[in-house]
Amino acid sequence: MTTLLLDLHVRRKAYPGGRTVLTDIRLQLQAGEVVSLVGASGCGKSTLLRIAAGLDDIFEGHALLEGKPLGLRRVSRATVSAVGVVFQEPRLFPWLDVAANIGFDGSAEYDAKRVSALLDEVGLAGYERALPKQLSGGQAQRVAIARALYTGPRLLLLDEPFSALDAFTRVRLQDLVLELAQRHGASLLVVTHELEEAVLLSDRVLLLDEGHIARELTVPLARPRSRDDSALTRLRRELHGALKQAA
Ligand SMILES: Nc1ncnc2c1ncn2[C@@H]1O[C@H](COP(=O)(O)OP(=O)(O)O)[C@@H](O)[C@H]1O
Ligand SMILES: [Mg+2]
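Residues numbered from 1 in each chain as written. Chains lettered and ligands numbered in written order. Predicted model: local features only at pLDDT ≥ 70, side-chain atom pairs only at ≥ 80, totals over all residues. Heavy atoms only, no water.

### Some thoughts on the domain arrangement of the chain
Part 1 of the reasoning: When cut into domains, the chain gives domain 1 (4-82 + 153-246) and domain 2 (93-150).
Part 2 of the reasoning: Relative to domain 2, the C-alpha centre of domain 1 lies at a distance of 24 Å.
Part 3 of the reasoning: Each partner contributes residues to the interface: domain 1 has 13 residues there, and domain 2 has 11 residues.
Part 4 of the reasoning: Taken together, both faces of the contact between domain 1 and domain 2 bury some 1100 Å²; the carbon and sulfur share is 67%.
Part 5 of the reasoning: Summed over the shared surface of domain 1 and domain 2, the number is 1 salt bridge.
Part 6 of the reasoning: The closest approach of N and O atoms between Arg 183 and Glu 121, which form a salt bridge, is 2.4 Å.
Part 7 of the reasoning: Remark: the boundary between domain 1 and domain 2 carries 3 residue pairs in polar contact (both at pLDDT 80 or more).
Part 8 of the reasoning: In terms of residue count, the dominant contributor to the side of domain 1 that touches domain 2 is helix H6 (residues 167-184) (8 residues).
Part 9 of the reasoning: Tallied by class, residues from the side of domain 1 that touches domain 2 come to 8 nonpolar, 2 polar and 3 charged. (Domains from an automatic or database assignment. Contact = heavy atoms within 4.5 Å. Buried area = accessible area lost by both parts, 1.4 Å probe. Salt bridge = Lys/Arg side-chain N within 4 Å of Asp/Glu carboxyl O. Polar contact = N/O pair within 3.5 Å; in protein donor to acceptor, adjacent residues only side chain to side chain. Helix = DSSP H or I, 4+ residues; strand = E, 2+ residues; numbered from the N terminus. Nonpolar A, V, L, I, M, F, W, Y, C, P; charged D, E, K, R; others polar.)

Structure follows, in structure tokens:
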């Protein structure tokens with residue numbers, strides 16, 4: 001049985017004074033699903049992700065998480081904590097140590113035990129008192145992942161989370177995010193411009209073109225997946241072809 005987690009219908013999204021960025025997008029995510037959004041720069045991926053995060057509710061349509069409206073003006077605290085977001089840059093507060101960054105939720109207190117357990121899970125046990133400037137790019141992104149998981153989200157949104165990392169770190173963090181999402185029971189919606197990454201991680205890949213979903217590709221491969229599986233290469237080629245067609 002599948003459970004509908006995210007139900008998005010963006011009939012139209014335009015920025016003030018700007019042209020229409022998204023039109024007639026329907027996006028539904030089942031609990032436990034991993035979905036990628038790919039598409040050329042500027043086609044509206046981050047805009048769609050911000051709507052799914054409840055960070056932008058100025059659009060025509062609806063955004064529901066487990067049947068409840070998302071959006072800054074309407075959300076309850078419970079709906080906010082049900083979504084975790086990781087951006088391309090770690091976006092840590094430079095003056096707060098790692099533990100405070102992970103536990104930061106606007107209140108003074110944080111659950112130190114939970115923070116330490118998460119640090120352990122992202123491979124940074126003992127880094128509670130470190131400052132962001134003492135971390136490598138990969139370590140800082142691990143902290144950002146731990147922070148996104150702190151509230152126990154059912155949906156993790158990632159906007160090009162590995163783009164700024166070297167190839168070795170990227171491979172490790174891809175595996176880590178998949179493992180953590182599964183362990184924490186969170187669904188994943190990942191924006192990426194790496195087609196290889198999209199097919200490796202996802203159950204479905206959505207190709208966004210000029211503000212609408214031009215193509216949907218299902219990746220019917222069991223997990224864990226092997227990076228050199230020829231079926232993945234085939235799917236990546238198919239996606240590449242669709243992308244060229246859309247261009
Ligand atoms: N805050 C904003 N105000 C006005 N226009 C914006 C804003 N954010 C993004 N845009 C425009 O919306 C379009 C889609 O942007 P974005 O969603 O960031 O694309 P992507 O993430 O796919 O690169 C672009 O043309 C961009 O210039
Ligand atoms: Mg973007």
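### Comments concerning the site of ligand 1
Part 1 of the reasoning: As a structural note, the neighbourhood of ligand 1 is formed by Tyr 15, Arg 19, Val 21, Ala 40, Ser 41, Gly 42, Cys 43, Gly 44, Lys 45, Ser 46, Thr 47 and Arg 50.
Part 2 of the reasoning: Here an oxygen atom of ligand 1 sits 3.0 Å away from a polar atom, N or O, in the side chain of Arg 19.
Part 3 of the reasoning: Take Lys 45: an N or O atom from its main chain is 2.9 Å from an oxygen atom of ligand 1.
Part 4 of the reasoning: When isolated, ligand 1 has an accessible area of 560 Å², and the protein chains bury 59% of it.
Part 5 of the reasoning: For the shell around ligand 1, the element with the most residues is helix H1 (residues 45-52), which contributes 4 residues. (Near = heavy atom within 4 Å. Areas by Shrake-Rupley, 256 points an atom, 1.4 Å probe, with all protein chains shown as cover.)

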